[in-house]
Amino acid sequence: ADDIDDGLDISRIERISLLGQNQELRLAADNVGDITDGGNTLYVSGNSSSSVQANLFGWTALPMMNGYNGYTDGTNTLYVHMDINQDDINLGPII
């Protein structure tokens, strides 16, 4: 998979859909604030063949809301649909 970091200005995104087969999204903590609108909230929808990988060190897991697992750093919030594989969302440093 290619990383999107070629000087592209991707902003004002509120929702990303990973519907389809074997869709994957990779995020770093600062990506959520960088690509969202002023609300700093990103929703990721998809199915069980999709996955999200994110290094969200220092973030906190939120209670499930409307079928989405939430993660926040107090300013930015990421909601990932419960059907998406979230095994590679890291909230703390690897020891």
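So, how was this worked out
- Residues numbered from 1 in each chain as written.
- Predicted model: local features only at pLDDT ≥ 70, side-chain atom pairs only at ≥ 80, totals over all residues.
- Heavy atoms only, no water.
- Pairing = 2+ DSSP bridges.
- Helix = DSSP H or I, 4+ residues; strand = E, 2+ residues; numbered from the N terminus.
- Axes fitted to C-alpha atoms, helices over the stretch in contact; angles between N-to-C directions.
- Contact = heavy atoms within 4.5 Å.

(A) Molecular detail of the sheet that holds strand E5 (residues 60-65). The five strands are arranged E1-E3-E7-E6-E5 in an open sheet whose pairing can be described as mixed. Strand pairing shows two members of the sheet lacking a second neighbour, strand E1 (15-17) and E5, which therefore form its edges. Between one strand axis and the next, the sheet turns by 20° as a mean value, whatever way the strands run. With three bridges connecting them, E1 and strand E3 (residues 41-45) associate as parallel partners. The residue bridging Ile 16 from the neighbouring strand is Val 44, located in E3.

(B) Looking closely at the side chain of His 81. Here His 81 is to be found in strand E7 (residues 77-81). Each residue touching His 81, except ones within four places of it in the same chain, is listed here: Val 44, Ser 45, Gly 46, Gly 67, Tyr 68 and Gln 86.

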